[in-house]
Amino acid sequence: MSIKNDLFLRALKGETVDRPPVWMMRQAGRYLPEFMEIKEKYDFFTRCRTPDLASEITVQPIRRYGMDAAILFSDILVIPQAMNIEVQMKPNFGPYLPNPIRTQKDVDNVIVPDVTVELDYVYQAIKQTKEKLNNEVPLIGFAGSPWTILCYCVQGQGSKNFDKAKEFCFTNPIAAHQLLQKITDTTIAYLKQKVKAGVNAVQLFDSWGGMLSPVDYQEFSWQYMQQIIDALKDETPVIAFGKGCWFALDEMSKSGASALGIDWTCSPKNARYLTGGNITLQGNFDPTRLFSPPAEIKKMVHQMITDFGKDKYIVNLGHGILPNIPTDNAKAFIDAVKEYRE
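Quick notes on the rules
Residues numbered from 1 in each chain as written. Predicted model: local features only at pLDDT ≥ 70, side-chain atom pairs only at ≥ 80, totals over all residues. Heavy atoms only, no water. UniProt positions renumbered as here; feature names shortened; annotations may be inferred. Helix = DSSP H or I, 4+ residues; strand = E, 2+ residues; numbered from the N terminus. Buried < 20%, exposed > 50% of the residue type's maximum accessible area, 1.4 Å probe, protein only. Contact = heavy atoms within 4.5 Å. Polar contact = N/O pair within 3.5 Å; in protein donor to acceptor, adjacent residues only side chain to side chain. Salt bridge = Lys/Arg side-chain N within 4 Å of Asp/Glu carboxyl O. Core = buried A, V, L, I, M, F, W, Y, C linked by side-chain atoms within 4.5 Å.

**With respect to the UniProt feature "site: Transition state stabilizer" (unreviewed entry) in the chain**
At step 1: With numbering matched to this structure, UniProt assigns "site: Transition state stabilizer" (unreviewed entry) to Asp 75.
At step 2: Considering the arrangement of structural elements, one finds Asp 75 in the loop between strand S1 (70-71) and helix H5 (78-82).
At step 3: Classification of Asp 75 by relative accessible area gives buried; the value is 13%.
At step 4: Excluding its chain neighbours within four sequence positions, the residues that come into contact with Asp 75 are Phe 44, Cys 48, Met 89 and Phe 142.
At step 5: Polar side-chain contacts of Asp 75 include one of 2.9 Å to the backbone nitrogen of Leu 77.

In structure tokens:
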């Protein structure tokens with residue numbers, strides 16, 4: 001069955017389009033009243049692990065706004081959970097790992113799981129979501145980059161600078177690379193299984209890549225992302241998004257990824273220049289700018305499309321949507337793209 005609205009997939013292939021496709025990172029969730037109703041009843045990982053709930057949350061924004069792609073409701077930390085690392089999600093705090101990884105012995109205890117068993121609930125959620133979407137729009141699956149997962153596993157929680165994670169890498173590089181490789185192997189198996197279950201593209205989120213210097217980025221993050229891209233690019237389009245990683249855009253553009261995510265600190269002109277002008281780019285509206293009045297949002301979105309160019313471009317935010325964005329403002333963002341004419 002072909003997908004009725006395939007604008008997103010055509011943009012990933014670099015085809016000429018009438019207008020660019022649009023979706024928003026973290027669109028399935030916390031800013032929607034219908035999501036909040038589910039959140040009141042079920043805790044975070046219950047929502048992730050219950051295919052009925054995960055699929056319902058995934059399609060909510062599509063029903064409300066009609067984005068050009070859905071992204072599966074899940075979390076990057078389901079990977080360490082499957083690898084025998086305890087992860088809790090604490091209200092008003094975020095991820096908390098009670099036993100962070102700090103030694104070689106800790107790394108030795110981390111397993112590369114059978115993803116078909118440990119993460120089966122994700123694939124069931126994909127199948128249910130595909131039924132609910134009924135081939136209206138494509139479905140995106142995702143994973144965190146190995147470096148970003150390591151950050152949480154070693155730090156034990158969110159951080160402004162992930163100093164403990166970096167210290168671990170710089171004082172114990174052998175153990176760090178073993179951990180990164182285990183995460184990479186698990187992630188490749190996980191994403192391949194997601195493709196089998198029915199996702200139409202995958203995105204790698206390197207949320208904390210910008211914490212590293214360009215040299216350290218190559219060693220502790222990019223080489224592992226490249227392994228994942230190499231393993232998946234012939235099976236599905238891959239979008240690579242490194243927040244704060246403008247310095248790596250040149251190398252990323254040669255990686256075989258179908259598209260690169262751009263954050264709001266890099267201008268469209270610079271992003272095109274740094275990537276050689278031939279690869280599809282995705283982004284890069286500042287999520288906080290969604291607090292601006294709807295009319296202003298629409299003007300800024302039209303300017304952003306003009307600056308990136310309508311082809312080889314996917315409209316998105318430069319990071320995830322914030323929880324307290326008014327729904328009318330989110331709507332203005334999506335509508336602005338649908339109304340766009342050159």
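**Remarks on the pattern of salt bridges**
At step 1: Within the structure shown, the criterion is met by 12 salt bridges.
At step 2: We note a salt bridge from Glu 15 to Arg 10, for which the minimum N-O separation is 3.4 Å.
At step 3: Residue Arg 10 is classed as partly exposed on the basis of its relative accessible area of 26%.
At step 4: With a shortest N-O distance of 2.6 Å, Lys 254 and Asp 250 are connected by a salt bridge.
At step 5: For Lys 254, a relative accessible area of 61% gives the class exposed.

**Describing the nonpolar core**
At step 1: Within the largest apolar cluster, 126 residues are counted, with the highest numbers of intra-cluster contacts made by Phe 8, Met 24, Leu 119, Tyr 190 and Phe 333.
At step 2: Top element by residues in this core is helix H11 (residues 173-197). It accounts for 10 residues.
At step 3: If we skip the residues at most four places from it in the chain, Phe 333 touches Val 22, Trp 23, Met 24, Phe 285, Leu 290, Ile 297, Val 301, Met 304, Val 315, Asn 316 and Leu 317.

**Some details on the UniProt feature "binding site: substrate" (unreviewed entry) in the chain**
At step 1: In the numbering used here, UniProt assigns the "binding site: substrate" (unreviewed entry) feature to Arg 26, Gln 27, Ala 28, Gly 29, Arg 30, Phe 45, Asp 75, Tyr 152, Ser 207 and His 319. A maximum C-alpha distance of 22.6 Å is found for the annotated residues, which run over 294 residues; spatially they are spread out rather than grouped.
At step 2: For Ala 28, the position within the fold is in the loop between helix H1 (7-12) and helix H2 (33-41).
At step 3: The exposure class of Ala 28 is buried, given its relative accessible area of 11%.
At step 4: Setting aside chain neighbours within four positions, we find Ala 28 in contact with Ile 57, Thr 58, Pro 61, Ile 71 and Phe 73.

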